[in-house]
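Breakdown of the fold
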Amino acid sequence: MEKFKTKLQYIKSLKNGRIFNSNLSKSIFLGIALTVLSHNEAKAQLVATGQIRERTEAKEGQGTLITNGAKGALFTSQRTRLNVGFTGYRFKVYASLQDVRVWGEDASTINRTTTEANNGLMFHEAWGEIILNDTISKIQNLSIKAGRQEISYDDQKVLGSLDWLQQGRNHDAIILKFANKGWIADIGAAFNQNYTAGKEPSSGTIYNGLPATTTYTAGTNGIQHEYKSFQYLYLGRKFFFGDLSFLFFKDDFSKFTGTATAPTFTQGVNSRTTTGFYYNVMPTRKLNLNGSVYYQGGHDKLGKEISAKLASITATYQVNRKLFIGPGVDFLSGNDGTVTASQNNRFDPLYGTPHKFWGSMDYFYAASPFGSQGLLDYYFKTKYNASDKLALLIDIHGFESANKLPANITKYLGTEFDFTAKYNFTKLINIEAGYSLMNATKTMASAAVKNVANPKLTAQWAYLALKISPNFLATKKM
């Protein structure tokens, strides 16, 4: 009788919905909690990778001509990186610790003999990114990325990571990033400030940049001190036939009195603007066209008015499954004898990767200056994929001055031959070798270009590089 009453009461409570609703509510709450927790954990991912890149180079005229009788150089440089990235719910963080040195820079029995300025240990990247769109948003990505980071777009002709250089290139910047349905829109900015004697500034916004007492620093091409600030807008769109993009980039340089090699920096900036388009399209299944058109205006670091241009086009034709060939031409305007003291027509390719475009020997828009007459580079490139692991590349460049040179000397600068072999020993181990030959003219050695007395007009350069990129850790909570 008691059992019957208990069952009867239970059935009544079911009809009244008390127990049913209570249990259902608990189940729903528990299910939502588990779903949220499992979703957040699924988003969490820790990745740790590294890189050892050792490169032995034999130089006999790389970068600039050497004099007759001078001996070439032989050395090995090494880049070591440890990269750690973590992705959590609506955020990402990433740090890349890097050490760059030449073998023998430190004595084998002493921890450190070089000066602090030559210390190769630094953070190449250290940034955080906040995801602004939530999980139910229809926008693919909307985020803010801030900190030390690489800024690279398109073919890296004007903005790139400069990865060939062992130390690479980075910027301390903040970027608002948008991506949705094939569209990309980035708005970025940087603002540099002095930090001297271990102290933050207490007044003023004067920025000295990098030391300007040398003929070349790690600043932008063709100048001797770093930018004070920059702002840019990048728009990109993927179409069925290829990619198109637009870039507006403004960089500002601190004004100064005195000379460029011994400046006294003051308040105010000279602002330079670079505006243009990049394209990478396939008119046919086997033909690819890519290139860019940019205009540079505003004022250079000396306050001169700029009016400069860059135009580039490269055609690549796929002969068969393994062979790709094609010609190309790059034009970067420069100065000639008609330019006044207040004008500058020399195009500066900003913060790109010149090694990738204007010859592997880095004669132009790299560490060694070559005057301000601009460059005309016409070339023919060949790539042969001998196997899934081995690729062979041959590039031939013909270099000319883009503008007239003093005394009406010939504008032809030289011919460069670049041979490269890349072999993927495994997915994580890569071996690369290259040889380059430069047949220069006397114009290349003239005072208007490289300014080398008694030059050896035939230059060569060879390298052998080993890169190991281990994955130490890749975990994902599911």
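Rules used throughout
- Residues numbered from 1 in each chain as written.
- Predicted model: local features only at pLDDT ≥ 70, side-chain atom pairs only at ≥ 80, totals over all residues.
- Heavy atoms only, no water.
- Core = buried A, V, L, I, M, F, W, Y, C linked by side-chain atoms within 4.5 Å.
- Buried < 20%, exposed > 50% of the residue type's maximum accessible area, 1.4 Å probe, protein only.
- Helix = DSSP H or I, 4+ residues; strand = E, 2+ residues; numbered from the N terminus.
- Contact = heavy atoms within 4.5 Å.
- Phe/Tyr/Trp six-rings, centres within 6.5 Å; stacked < 30°, edge-to-face > 60°.
- Lys NZ or Arg CZ within 6 Å of the ring centre and 35° of its normal.
- Pairing = 2+ DSSP bridges.

Here we look at the nonpolar core
- If you look at the biggest cluster of nonpolar residues, it comprises 45 residues, and the most contacted ones within it are Tyr-232, Phe-364 and Met-444.
- Listed by contribution, the elements that provide at least two residues to this core are β6 (171-180), β8 (229-239), β9 (242-258), β13 (308-318), β19 (429-440), α3 (442-445) and β20 (458-468).
- Top element by residues in this core is β20. It accounts for four residues.
- Every residue in contact with Phe-364, bar those within four places of it in the chain, is listed here: Pro-354, Trp-358, Phe-370, Leu-375, Phe-399, Leu-413 and Met-444.

Regarding the packing of aromatic side chains
- The full count for this structure, using the stated rule, is 24 aromatic pairs.
- Taken together, a centroid distance of 5.1 Å and an interplanar angle of 75 degrees make the contact between Trp-164 and Tyr-463 edge-to-face. Of this pair, Trp-164 sits in the loop between β5 (141-149) and β6 while Tyr-463 sits in strand β20; the two residues are 299 residues apart in sequence, bridging distant segments of the chain.
- Residue class for Trp-164 comes out buried when judged on its relative accessible area of 18%.
- Among the residues examined, Tyr-463 registers a relative accessible area of 8% and is labelled buried.
- A centroid spacing of 5.2 Å and a plane angle of 55 degrees characterise the contact between Trp-358 and Tyr-365, whose relative ring orientation is tilted.
- Classification of Trp-358 as buried rests on a relative accessible area of 1%.
- Judged by relative accessible area, Tyr-365 falls into the buried class, the value being 2%.
- When the ring centre of Phe-239 is taken as reference, the NZ or CZ atom of Arg-237 above it lies at 5.0 Å.

Quick look at the environment of Ser-360
- Here Ser-360 is to be found in the loop between β15 (343-344) and β16 (375-385).
- Residues Ser-360 and Phe-417, 57 residues apart in the sequence, show an inter-C-alpha distance of 8.8 Å.

Brief notes about the pairing of β19
- Residues Asn-430, Glu-432, Gly-434, Ser-436, Met-438 and Ala-440 point to one face of β19 and are all buried, whereas Ile-429, Ile-431, Ala-433, Tyr-435, Leu-437 and Asn-439, pointing to the other face, are not buried.
- Where strand β18 (residues 412-424) meets β19, 11 bridges bridge the pair, whose relative direction is antiparallel. When the sheet's bridge partners are listed, Glu-416 is paired in β19 with Met-438.
- Remark: four residues form the turn of the hairpin made by β18 and β19, two consecutive strands paired antiparallel.
- Where β19 lies against β20, 11 bridges are found, and the strand directions are antiparallel. Bridge pairing in β20 links Met-438 to Ala-459.

What to know about the pairing of strand β10 (residues 263-281)
- Pairing between β9 and β10: 16 bridges, direction antiparallel. Considered in β10, the bridge of Gly-258 is made with Pro-263.
- Strand direction decides the pairing type here: β10 and strand β11 (residues 287-298), joined by 10 bridges, are antiparallel. Among the inter-strand pairings, Asn-280 is bridged to a residue of β11, identified as Asn-290.
- The hairpin formed by β10 and β11 contains five residues between the paired strands.

As far as function goes, none of this settles anything; it's purely spatial.
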